[in-house]
Amino acid sequence: MANVLLVEDDATIRTALMRGLRERGHAVSSAPTALDGLRQAVSERPDLVVLDLGLPDLDGTEMLRMLRAVSRVPVIVATARDGDAEMVRLLDAGADDYVVKPFSAAQLDARVRAVLRRTADGRTDASVTVGGLRLDPRSREAVLDGAPLDLTPREFDLLHFLAARSGEVVTKRELLTEVWQVPYGGADKTVDVHLSWLRRKLGETAQEPRYLQTVRGVGVKLVDPT
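Rules of the game
Residues numbered from 1 in each chain as written. Predicted model: local features only at pLDDT ≥ 70, side-chain atom pairs only at ≥ 80, totals over all residues. Heavy atoms only, no water. Pairing = 2+ DSSP bridges. Helix = DSSP H or I, 4+ residues; strand = E, 2+ residues; numbered from the N terminus. Axes fitted to C-alpha atoms, helices over the stretch in contact; angles between N-to-C directions. Contact = heavy atoms within 4.5 Å. Phe/Tyr/Trp six-rings, centres within 6.5 Å; stacked < 30°, edge-to-face > 60°. Lys NZ or Arg CZ within 6 Å of the ring centre and 35° of its normal. Core = buried A, V, L, I, M, F, W, Y, C linked by side-chain atoms within 4.5 Å. Buried < 20%, exposed > 50% of the residue type's maximum accessible area, 1.4 Å probe, protein only. Polar contact = N/O pair within 3.5 Å; in protein donor to acceptor, adjacent residues only side chain to side chain. Salt bridge = Lys/Arg side-chain N within 4 Å of Asp/Glu carboxyl O.

(A) The arrangement of the sheet that holds strand β4 (residues 75–79) in detail. One open sheet holds the 5 strands; their spatial order is β2-β1-β3-β4-β5, and the pairing between them is parallel. One side of each edge strand has no neighbouring strand; the edge strands of this open sheet are β2 (27–31) and β5 (97–100). Neighbour to neighbour, the strand axes of the sheet diverge by 20° on average, direction disregarded. As paired strands, strand β1 (residues 3–7) and β2 are joined by 5 bridges and run parallel to one another. Each bridged residue has a counterpart across the sheet, and for L5 the counterpart in β2 is S29. The strands touched by helix α3 (residues 60–68) within the sheet are β1, β3 (48–52) and β4, with β3 carrying the most contacts at an inclination of about 155°.

(B) Just the packing of aromatic side chains, in detail. Counted by the stated rule, this structure contains 0 aromatic pairs. Geometry around F161 places R165 over its ring, the cationic atom sitting 3.6 Å from the centre.

(C) View of the nonpolar core. L133, L159, L162, L175 and L222 are the most contacted members of the largest nonpolar core, which totals 27 residues. Secondary structure elements with two or more residues in this core: β6 (128–130), β7 (133–136), β8 (141–144), α6 (153–163), α7 (172–178), α8 (188–201) and β11 (219–222). Per-element tally for this core: the top contributor is α6, with 6 residues. Aside from chain neighbours lying at most four places away, what touches L222 is V130, L133, L159, L162, A163, S166, G167, Y211 and L212. With 21 residues, the next largest nonpolar core counts A34, M63, L67 and Y98 among its residues.

(D) Structural context of the side chain of E8. Positionally, E8 belongs in the loop between β1 and α1 (11–23). Judged by its relative accessible area of 4%, E8 falls in the buried class. Looking at E8, its side chain comes within polar contact range of the main-chain nitrogen of D10, at 2.8 Å. Discounting residues that sit within four places of it in the chain, E8 has contacts with I13, R14, A31, P32, D52, L55 and K101.

(E) Region of the structure containing α6. Counting buried residues in α6 gives 10 out of 11 residues, a clear majority hidden from the surface. Taken together, the buried positions of α6 are occupied by R154, E155, F156, D157, L158, L159, H160, F161, L162 and A163.

(F) Fine view of the pattern of salt bridges. One pass over the full model with this rule turns up 11 salt bridges. Between K101 and E8 there is a salt bridge, with its nearest N and O atoms 3.9 Å apart. Linking K101 in the loop between β5 and α5 (105–121) with E8 in the loop between β1 and α1, this pair joins segments that are 93 residues apart in sequence. Under the relative-accessibility criterion, K101 is labelled partly exposed at 27%.

(G) Seen up close, the environment of K189. For K189, the location among the structural elements is in helix α8. Remark: the alpha-carbon pair of K189 and K172, spanning 17 residues in sequence, is separated by 9.2 Å.

(H) Quick look at the pairing of β7. Across 3 bridges, β6 lies against β7 in antiparallel orientation. Bridge assignment links V130 to a residue of β7, and that residue is L133. Between the antiparallel neighbours β6 and β7 lie 2 residues, among them G131 with a positive phi of about 60°. Pairing between β7 and β8: 4 bridges, direction antiparallel. Bridge assignment links L133 to a residue of β8, and that residue is L144. The turn linking β7 back onto β8 is made up of 4 residues, and R140 within it adopts a positive phi angle of 60°.

(I) Structural view of the sheet that holds strand β9 (residues 147–148). Read from one edge of the open sheet, 4 strands run β6-β7-β8-β9, paired in antiparallel fashion. The sheet is open, and its two borders are formed by β6 and β9, each paired with just one other strand. Strand direction decides the pairing type here: β8 and β9, joined by 2 bridges, are antiparallel. The residue of β9 that forms the bridge with L144 is A147. Strands in contact with α6 are β6, β7 and β8; relative to β7, the strand with the most contacts, it is inclined by about 115°.

Right under this line is the structure:
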């Protein structure tokens, strides 16, 4: 059983999904607006959030970005838009999965269980140190040579994933699958952009790397520069 927060403004849809999820053993609370959803997500700390994009006060994508600034709670986005570009945009913004409307409570339940299994399998509380870089997933703090790094949630997840596999070459497809949770592969450019942002914050470039080294035609690895 999971504690699920459903953020949906349509009362009919909200009632039907709440009933369906409860029948499948989940504890479900709900919010009709983005701001109510944010407050409940922070105060109640649900196991997972189901987020509709068409909310009356804020666009669901904006709520997702705000939520990601303060929480790592898994989020399944409900959307009527099913194009690849839209899906990549949502996953880049911090979604863990998505369902395309219309969908049934049974389909949503399957997605909830799959996301919770995936996030539980990938969860680790161990801090990682590589050279002068230290990352603590419990506090979500990253420090480089004694100075804190200002990382977005996705940047932290990407850097921690690479640091935990220090010295190993990781392919972009593996990063998309494990960090972005994109099961069908997705766009390599997404990884390239985030790696570029990380290099800038680490004080290096692709031409003069220290921690992040590209292995041409294979992927990237994080190494101890000393």
